[in-house]
2 protein chains.
Amino acid sequence: MSDFDCRYDAYRHRAEDALRKHLSKAGEPWQDDQIPSMLAEAMRYSLFAGGKRLRPVMLLAAFGMPEEPLNDALPFAAAIEMIHTYSLIHDDLPAMDNDDMRRGKKTSHKIFGEGMAILAGDALLNRAFELMAESSAERAQLAMAEIARLAGPRGMIGGQAADLAMENSAPDMNMVRYIQRHKTSDLFIAAIKAGSILAGKDEYAIAAAEQYALHYGLAFQITDDLLDIEGFQGVFGKSTGKDAKAGKMTWPAVAGVAQARRDAEKETALALEASAALGNSADFFAALAQMVLGRVK
Amino acid sequence: MSDFDCRYDAYRHRAEDALRKHLSKAGEPWQDDQIPSMLAEAMRYSLFAGGKRLRPVMLLAAFGMPEEPLNDALPFAAAIEMIHTYSLIHDDLPAMDNDDMRRGKKTSHKIFGEGMAILAGDALLNRAFELMAESSAERAQLAMAEIARLAGPRGMIGGQAADLAMENSAPDMNMVRYIQRHKTSDLFIAAIKAGSILAGKDEYAIAAAEQYALHYGLAFQITDDLLDIEGFQGVFGKSTGKDAKAGKMTWPAVAGVAQARRDAEKETALALEASAALGNSADFFAALAQMVLGRVK
C-alpha cells in the first residue's frame with residue numbers, strides 16, 4: 001500500500017466514524033428527540049451508499065496529519081459529506097437530472113418516493129449546519145461561514161441553477177466555466193478552506209488551498225463529463241450519455257473532446273502547482289490531483 | 001392603532017429591511033459573486049410574497065423593544081424567515097402537498113418549474129445559515145445551533161416527514177401531537193429561543209419562551225386545520241378541504257372538530273400563562289396568542 005493510499009484510508013475511516021457518530025438513531029417518531037424512521041433511513045441510505053469521501057478526506061488532510069488528533073475537524077468533515085450527499089439526492093430528482101441510479105444503487109426517490117427524498121436532502125443540509133454550530137473549536141464560526149457561502153446561492157447552488165437554466169442554450173465558454181466552478185469546485189474549496197481555517201493556517205496557505213481546489217474541481221468535472229460521453233457505466237455505476245440527451249452545457253460539449261482533454265491536463269497542472277504550498281500535505285494533494293486524469297487515460 | 005399593532009408593525013418593518021438587505025442582487029451568472037438571475041428571482045418571489053413575518057417578529061420581540069438597536073438580532077430575524085420560506089416552497093411541491101396557490105399567488109414551482117423551486121428552497125436555507133454564521137453577535141453560535149436543531153430532522157423536518165409518512169394511516173393522537181409540535185411549533189420555538197439567547201436572557205426566561213412557543217404553535221396549527229375544513233379560501237389565499245382529500249392526520253381529523261376547538265382554546269390558555277414570564281414583552285406575546293383563536297371565531 002502506498003503512502004498515499006494509507007493516508008487516504010486513515011482519513012476516510014475517521015470520516016466514516018464521524019458520520020456514523022453524528023447521524024441520529026431512528027426511532028418511533030412520537031418519542032421526542034428521535035426522528036421518524038423513514039426519514040432516518042433515507043438519510044442513512046444515501047450517506048452510506050459507498051461514496052469515496054473525497055471532500056471530508058480533503059478537509060482532514062488540510063487540517064492535519066492522520067496520526068494527529070483531528071477532533072476539531074471531524075464534525076466539519078461529516079458536515080461537508082452531508083452537504084455533498086444532500087446535493088446529490090436533490091440533483092437526482094426527476095425535476096433535476098432525473099437519475100434512477102447512483103453509485104450502482106437506486107437513487108433516493110426511487111426507494112423512498114420524491115417527497116421523502118426532498119426531505120432527506122433538506123434534513124442532511126440542516127444536520128450539517130447543526131453539527132458545525134455545535135462545535136466548540138476555535139474559528140468554528142469562520143469555517144462555517146465559508147462553507148455556507150460556498151455551498152449556497154453564490155456557490156454550489158448558483159452553479160446548479162445555472163446548469164439547469166442553461167440546458168439547450170447556445171454554447172458559451174464563460175458560462176461553462178461559471179457552472180463548473182460553482183457546481184463542482186466550490187464544495188472542494190469549502191472542504192480545503194475549512195480544514196485550513198480550523199487548523200489556523202495563514203492567509204498565504206489558505207489562498208493556495210483555494211487555488212488548488214478550484215483547479216482540482218475543474219479537472220474533476222471535465223473528466224466526469226468526458227466519461228459521460230465515452231461511457232464507463234460499469235465503473236461509475238451511473239448511466240452515461242445523459243448530458244448530451246439533456247442538452248447540458250458541459251466543457252466537452254462546448255470546447256470539443258480533444259480540447260477538453262487538454263484543458264483537464266492544464267487544470268491538473270495548475271492544481272499541482274498550487275499543491276506545493278500546502279506544507280506537509282503537499283505530496284498528498286499532489287498525488288490526489290494526479291489521480292483525476294487517470295480516470296480518462 | 002393599538003400598542004400591539006404599532007409594535008408588531010415596527011418589528012415587521014425592521015424584518016423586511018433586513019430581508020431586503022441580505023438577499024443578494026441577481027446578475028449575469030458568469031460574473032463572480034453574483035447569482036443566476038432566475039435563482040435570485042425565485043428566491044425573492046417567495047420571500048416577498050406577502051407573509052406576515054410572524055417568526056421574525058417573534059424573534060425580535062423576544063430580543064428587545066422596537067425602539068432599541070436590534071442589530072444583533074436582525075440577521076437572525078431574516079434567517080428564520082428564509083428558513084420558513086424554504087419550507088413552504090418545498091412543502092408546496094407536487095411530491096409533497098401539491099399546492100398551486102399560496103397567499104393568493106401561484107406557488108414557486110408553478111412559476112419557475114420544479115427543479116428551480118427545489119433549488120430556490122435549498123438556496124434560502126443555505127443563505128440563512130450563511131447570514132447567521134457571519135454574525136459577530138455574542139452567543140451567535142449558540143442561537144444558530146438552536147435554530148439548526150429545531151429546523152432539522154429532530155425538529156421541523158421530522159414533523160414534515162411524519163406528516164408525509166402518516167398520510168392515510170389510522171388516527172393516533174400521539175402522532176398528531178408529534179407532527180404538529182415539530183412541523184409547526186418548532187420554528188416558533190426556534191424564533192423566540194434565538195431572540196432570548198441573543199439578548200442574554202436567563203434560563204428561566206428561555207424555558208418560558210419555549211413553553212409559550214410550543215403551545216402557541218399547537219393552537220396555531222389546530223386553528224389552521226379547522227380553517228382547512230371550514231373553508232376560508234378568500235381569507236387565506238390557499239385552497240381548502242385539501243387535508244381530508246390527502247388523508248392528512250390533522251388534529252380535527254383525529255379528535256373531531258368540537259374537541260379540536262376546545263383544544264385550541266386550551267393551548268392558547270397555556271401560551272397565555274407562559275407569556276407572563278416574558279418580561280417587558282409579556283403583553284405583546286399575550287396579545288399575539290389571543291389573536292390565534294380569533295381566526296376561527
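Here, the structure is the one placed above.
Quick notes on the rules
- Residues numbered from 1 in each chain as written.
- Chains lettered and ligands numbered in written order.
- Predicted model: local features only at pLDDT ≥ 70, side-chain atom pairs only at ≥ 80, totals over all residues.
- Helix = DSSP H or I, 4+ residues; strand = E, 2+ residues; numbered from the N terminus.
- Buried ≥ 20, exposed ≤ 12 C-beta atoms within 10 Å, placed from the backbone.
- Contact = placed C-beta atoms within 7 Å.
- Axes fitted to C-alpha atoms, helices over the stretch in contact; angles between N-to-C directions.
- Parallel < 35°, antiparallel > 145°, perpendicular 65-115°, else oblique.
- Nonpolar A, V, L, I, M, F, W, Y, C, P; charged D, E, K, R; others polar.
- Least-squares fit on C-alpha atoms with pLDDT ≥ 70 in both.
- Core = buried A, V, L, I, M, F, W, Y, C linked by C-beta atoms within 7 Å.
- Expected span 1.5 Å × (residues − 1).
- Arc of directions from axis to C-beta.

Thoughts on the overall build of chain A
If you tally the helices and strands in chain A, you get 15 helices and four strands. C-alpha extents for chain A along the principal axes are approximately 55 × 45 × 40 Å. Taking all 297 residues of chain A together, the buried fraction comes to 56%. Long-range pairs, those at least 24 residues apart, make up 72% of the contacts in chain A between residues at least 6 apart in sequence.

Quick word on the packing of helix α2 (residues 37-47) of chain A against helix α6 (residues 114-133) of chain A
All names here are of chain A. In contact at an axis separation of 9 Å, α2 and α6 are set at 75° when each is read in the N-to-C sense. One finds that α2 runs roughly perpendicular with respect to α6. On α6, the residues that touch Met38, Leu39, Ala42, Met43, Ser46 and Leu47 of α2 are Met116, Ala117, Leu119, Ala120, Ala123 and Leu124. Here the residues of the contact of α2 with α6 sort into 11 nonpolar, one polar and no charged.

Overview of the interface of chain B and chain A
Contact with chain B, which involves 47 residues of that partner, is made by 47 residues of chain A. Counting residues per element, the ones that place at least two in the side of chain B that touches chain A are β2 (35-36), α2 (37-47), α6 (114-133), α7 (140-151), α8 (156-165) and α9 (173-198) of chain B. With 13 residues, α6(B) is the largest single contributor of residues to the side of chain B that touches chain A. Of the residues that constitute the side of chain B that touches chain A, the class distribution is 30 nonpolar, nine polar and eight charged.

Description of the packing of helix α1 (residues 3-22) of chain A against helix α3 (residues 54-63) of chain A
Residues and elements named next belong to chain A. The interhelical angle for the contact between α1 and α3, taken along N-to-C directions, is 110°, at an axis separation of 9 Å. By the angle between their axes, α1 is roughly perpendicular relative to α3. For the pair α1 and α3, the contacting residues are Tyr8, Tyr11, Arg12, Arg14 and Ala15 in the first and Pro56, Val57, Leu60 and Ala61 in the second. Taken together, the residues of the contact of α1 with α3 break down into seven nonpolar, no polar and two charged.

Examining the relation of the copies chain B and chain A
Once chain B is rotated about the relating axis by 180° and shifted along it by 0.0 Å, it coincides with chain A to within an RMSD of 0.0 Å. As the rotation angle and translation indicate, the two copies are arranged about a two-fold axis. An overlap of 100% is found between the interface residues of chain B and their copies at the interface of chain A, pointing to a shared contact surface.

Topic: the nonpolar core
Within the largest apolar cluster, 203 residues are counted, with the highest numbers of intra-cluster contacts made by A:Leu39, A:Leu59, A:Ala120, B:Leu39, B:Leu59 and B:Ala120. Apart from the residues lying within four places of it in its own chain, the contact partners of B:Leu39 are A:Pro153, A:Gly158, A:Ala161, B:Met116, B:Leu119, B:Ala120 and B:Ala123.

Some remarks on helix α14 (residues 257-275) of chain B
Residue and element names in this part refer to chain B. In this model, α14 (19 residues) spans 27 Å end to end at C-alpha, consistent with the 27 Å of a helix rising 1.5 Å per residue. Buried residues of α14: Ala260, Ala264, Glu267, Thr268, Ala271, Leu272, Ala274 and Ser275, and no others. Summarising the axial view, the buried residues of α14 lie within an arc of 160°, below the 170-degree limit, and thus occupy one face. The exposed residues of α14 that point more than 90 degrees off its buried face are Ala258 and Arg262. Residues of α14 that are buried in the fold lie against α10 (203-230), α13 (251-255) and α15 (282-294).

Things to note about unusual backbone geometry
Positive phi is not limited to glycine here, since A:Arg53 has a value of about 60°. Structurally, A:Arg53 is set in the loop between α2 and α3.

A short note on the environment of A:Arg177
All names here are of chain A. With respect to the secondary-structure elements, arginine 177 resides in helix α9 (residues 173-198). By C-beta crowding, arginine 177 is classed as partly exposed, having 15 other C-beta atoms within 10 Å. C-alpha of arginine 177 to C-alpha of glycine 115: the two residues are 62 residues apart in sequence and 32 Å apart in space.

Some words on helix α15 (residues 282-294) of chain A
Residue and element names in this part refer to chain A. Its 13 residues give α15 an end-to-end C-alpha distance of 19 Å, which sits within 8% of 18 Å, the value for a rise of 1.5 Å per residue. Within α15 the residues assigned to the buried category are Phe284, Phe285, Leu288, Ala289 and Val292. One face of α15 carries all of its buried residues, which in axial projection span an arc of 135°. Looking at α15, the residues exposed on the side facing more than 90 degrees away from the buried face are Met291 and Gly294. Against the buried residues of α15 lie α1, α3, α10 (203-230) and α14 (257-275).

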